[in-house]
Amino acid sequence: METNTHISAVSPSSLTPPSMTVGPIPATTFKPFRHRYGRCLLVSLNIFFVLVGQTSGTLLSRFYFDKRGNSKWLATFIQSAGFPLLLPVFLLLSANSSSSSTTTTTRTTILIYLGLGLLMAGYGMLYSYGVAFLPVSTYSLLCSTQLAFNSIFSFFLNSQKFTVPIFNSVVLLIFSSVLLAVRSDSERPAGVSSAQYAIGFGSTLAASIFFSLSLSLMQLSFQKHFKRVTFSVALKMQVCTSVVATAACLVGLFASGDWRRLSGELHSFKTGKVSYVMTIVGTGIAWQVGSLGIIGLTLTVSSLFSNVISTVGLPIVPVLAIFVFKDKMDGVKLMALLLSLWGFASYIYQQYLDSGKKSASGFVTMAEGKDTNIQITTESTTPVPPASTTPIWQPFHRRHWWSILVAFNVFLLLAGQTSATLLSRFYFDKGGNSKWLATLVQIVGFPILLPLFFLAPIASTTSSSSSTTVTAASTSTSTSTTVLIYCGLGLLVAADDMFYTYGVAFLPVSTYSLICATQLAFNCVFSFFLNSQKFTPPILNSVILVIFSAVLLAVRSDTERPAGISDQEYAIGFACTLAASALYALILSLMQFSFQRHFKKETFSIVLEMQVYTSALATAACMVGLFASGEWKKLSDEFYSFKTGKISYVMTVVWTAVAWQVGSVGVVGLIFTVSSLFSNLISTVALPIVPVLAIFVFNDKMDAVKLMALLLSLWGFASYAYQQYLDSAQKPTSGFVIERKKKEINPVGTSNFAG
């Protein structure tokens, strides 16, 4: 079914014009711009201030410590001491403002400024320790955790809705920072000890917490205390809090005795006295420009949005640090950067959704969440078949029976694939060496299905009288096409299994399994072109995360190899696993395509028929390869020299074949009942199970980077599962929609039974 989805925001009372408030502030209290473009211009200007100020301030701060600057209090002091630059604008706006703008309680206002100023001084000092003891690239990426903390504070203090894209953004940014924290090869600046590195790491995290808290408190003060929220009020808050923070830093500077060492710093600065002064002045200006942009975004959008923009500036710093400070940008750190950018993209997507809710009346501030209910309506553009139309496939008449069938197929796939992968690696680990035999056992177990294959047509013929005309019209042309389909799929299965065999032979089981997750990305592409599968945002997010997981394994510099495996063999195994994933995804999409276009009567017997015939042809192809390569002559030696004995050799081969066949039944069943993409996703979710079991079975190493790759795969699966939940929730009364009929499907892969 082709649908158009309209998302509308409906207020419990009425839709009010958009305002620049950051929370449930009355829309009439703050309207400096009445048009959408004016607000866009203001937001863009504030974004520019944040990015330029924060990037320059961070680089200059690191430059200060890198060139023999050592005063933490001075580095903190200059973060807020540039406030006099704003005084001319502040005085000009104050002169033009009426006296009615000061209707708030003086004592409360003073307490707000004092609290925020002291908080600013506190997180400024913590940031100084972080930038002093960490590489700029590591420091900047760690700062991205402030978005996660701010989301929590905004939820409790600012009525910020915790939507799925925002939650996804928070999780990805946390993953990015944790990835940096768990790296075993984290480099340290010259002269920084392990204890100082740990202090810098902890200080940066604590600074992110306090910075996020200050943003939410600023927004709360705008919402609850200031009755006339204008730009002059925002400037006043910036100036007054900076005065308090500057005073606190001056007290700390003199109380600590750091002021006595400033003269020595001036004369010993590596790049000279003028450079020392320019560094201090430039840093103060940069931080003040960035702070002005942050307050502007907090005022016009929300504190969470200002924190996201602050976060998106963080990946810019590591790139510049490569050229300025010769920081290392290895593969793991690059992946952390990409995760941060993808997390930002997730949040921007939420902003896009919010702006689309009121496209006729302008932008929607995210803080209006308490007064807005989202209604999703689906308008069909394809005629719905009349109720009397007989469904093509309707063996179950109730939604829960469909769920049982899907759950059973999921179990078969997970159990079969996990067991088969471990047994395949066990075969090579204990002295097995025949690639053709390892490929053969992946499909040779199909005779197990023959009893069901012969019984299924008997059950299906009792309800086939209504389709005799279709069968008669199609049998004349279907036989040759069916043979070609089975031959093509059988040969593809044989080739795909051979690629997988090389992968499991030359890679650790954990690495092999996580690389296989890329099949989900390949399948999305093939499903888009062959099966009318739509690329929804959750599915796209799932694909990107799974790709990130595999790439993270590829860029690891300390990837371990099984004993006796050379660098060349490891590279071959890696490439073969990727090729196998692409080919496997193509096979799934072609299977689904054949169900959509060729087989007119889609019953379980058709599914079994495809499984049996393609397995038979693939088995024949592997038998030819086994004898043509001469490997059959070596099987006797393998049998006698197997490390765990002859019986173990036979049991390994037999149960590997059984396990692969059980998994294949689950794959085909899920393609039939849901979609090839869903089948591939369930196959993907089994992959993280294998590395965990491989730790105990083969003593594989599960280091921190590999664990992060596993978590990324699981989060990608959760993203796709969320899309499945959305699809099932849209049609709660009619069940699920099977994604098989190109013109009559919900392209996300859910099923739609009438009954």
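Residues numbered from 1 in each chain as written. Predicted model: local features only at pLDDT ≥ 70, side-chain atom pairs only at ≥ 80, totals over all residues. Heavy atoms only, no water.

(A) A look at the overall build of the protein. Across its full length, the protein carries 28 helices and two strands. Of all 755 residues assigned to the protein, the portion counted as buried reaches 54%. Across the protein, every contact between residues at least 6 apart in sequence was considered, and the portion connecting residues at least 24 apart equals 85%. Total accessible area on the protein is roughly 32,300 Å²; 69% of this is exposed by carbon and sulfur atoms. (Helix = DSSP H or I, 4+ residues; strand = E, 2+ residues; numbered from the N terminus. Buried < 20%, exposed > 50% of the residue type's maximum accessible area, 1.4 Å probe, protein only. Contact = heavy atoms within 4.5 Å. Areas by Shrake-Rupley, 256 points an atom, 1.4 Å probe, with all protein chains shown as cover.)

(B) View of helix H27 (residues 689-697). Buried within H27 we find Val690, Pro691 and Ala694. Across the axial projection of H27, the buried residues extend over an arc of 95°, all falling on one side. Positioned one or two residues after H27, Asn699 has a phi angle of 60°, which is positive. (Arc of directions from axis to C-beta.)

(C) A look at the pattern of salt bridges. Evaluation of the coordinates by the stated rule reveals three salt bridges. Arg62 is the salt-bridge partner of Asp66, the closest N and O atoms lying 3.9 Å from each other. Note that Asp66 and Arg62 are positioned in helix H1 (residues 36-66) at a spacing of four residues, about one turn of the helix. One salt bridge in this structure joins Arg261 and Asp258, with 2.2 Å as the shortest N-O distance. You can call Asp258 buried: its relative accessible area is 9%. (Salt bridge = Lys/Arg side-chain N within 4 Å of Asp/Glu carboxyl O.)

(D) Quick look at the packing of aromatic side chains. Counted according to the given criterion, the structure contains 25 aromatic pairs. Arranged with centres 5.2 Å apart and planes meeting at 80°, the rings of Phe639 and Tyr640 form a pair that is edge-to-face. Of the residues examined, Phe639 reaches a relative accessible area of 24% and is grouped as partly exposed. Residue Tyr640 is classed as exposed on the basis of its relative accessible area, which comes to 56%. Chaining the aromatic ring pairs together yields one cluster made of Phe426, Tyr427, Phe428, Phe639, Tyr640, Phe642 and Tyr649. Between the NZ or CZ atom of Lys72 and the centre of the ring of Tyr129, over which it lies, the distance is 5.5 Å. Between the NZ or CZ atom of Lys435 and the centre of the ring of Tyr502, over which it lies, the distance is 5.7 Å. (Phe/Tyr/Trp six-rings, centres within 6.5 Å; stacked < 30°, edge-to-face > 60°. Lys NZ or Arg CZ within 6 Å of the ring centre and 35° of its normal.)

(E) Highlighting empty space enclosed by the protein. Counted under the stated rule, the structure contains six cavities of 30 Å³ or more. Lining of the largest cavity is provided by 26 residues; of these, Asp496, Asp497, Tyr584, Trp660 and Ser664 occupy positions nearest its centre. Only helix H15 (399-429), helix H18 (468-506), helix H22 (567-597), helix H23 (604-628) and helix H25 (646-673) provide two or more residues apiece to the lining of the largest cavity. Sort the elements by how many residues they give to the lining of the largest cavity and H25 lands first, with five residues. Across the lining of the largest cavity, the residue classes tally to 14 nonpolar, ten polar and two charged. (1 Å grid on protein atoms, 1.4 Å probe; cavity = no way out; pocket = protein on both sides within 12 Å on 5 of 7 lines; lining within 4 Å. Points joined across faces, edges and corners; volume = space filled by probe spheres on them. Nonpolar A, V, L, I, M, F, W, Y, C, P; charged D, E, K, R; others polar.)

(F) Focus on the confidence of the model for the protein. Summary statistics for the protein give a mean pLDDT of 75 and a share of 74% for residues scoring 70 or more. Confidence over residues 358-397 falls short of pLDDT 50; this stretch has 98 contacts with residues more than four positions distant or in other chains. Note on residues 732-755: pLDDT is under 50 here. Beyond four places in sequence and across chains, it has 90 contacts. (pLDDT = per-residue confidence, 0-100.)

(G) Geometry of the nonpolar core. Counting residues in each nonpolar core, the largest one holds 79 residues, and the members touching the most others are Leu179, Leu339, Leu552, Phe595 and Met610. Per-element accounting of this core gives the leading share, nine residues, to H18. When neighbours within four sequence positions are excluded, Leu552 is seen to be in contact with Leu179, Val332, Met335, Val705, Met708, Ala709 and Leu712. Residues Tyr139, Ile166, Val192 and Phe305 belong to the second largest nonpolar core, which totals 42 residues. (Core = buried A, V, L, I, M, F, W, Y, C linked by side-chain atoms within 4.5 Å.)

(H) Here's a closer look at the packing of helix H2 (residues 72-80) against helix H4 (residues 106-133). Packing of H2 against H4 brings their axes to within 8 Å, and their N-to-C directions diverge by 125°. In terms of their interaxial angle, H2 and H4 are classed as oblique. Crossing hand, H2 versus H4: right-handed. Contacts between H2 and H4 involve Lys72, Trp73, Ala75, Thr76, Gln79 and Ser80 from the first element and Met120, Ala121, Gly124, Met125, Tyr127, Ser128, Tyr129, Ala132 and Phe133 from the second. Taken together, the residues that form the contact of H2 with H4 break down as nine nonpolar, five polar and one charged. (Axes fitted to C-alpha atoms, helices over the stretch in contact; angles between N-to-C directions. Parallel < 35°, antiparallel > 145°, perpendicular 65-115°, else oblique. Left-handed = near helix turned anticlockwise from the far one by under 90°.)

(I) Just the environment of Gly669, in detail. Inspection of the secondary structure puts Gly669 in helix H25. When the C-alpha atoms of Gly669 and Leu405 are compared, they prove to be 8.5 Å apart, with 264 residues separating the residues in sequence. Setting aside residues up to four positions removed in sequence, Gly669 forms contacts with Asn409 and Val607.

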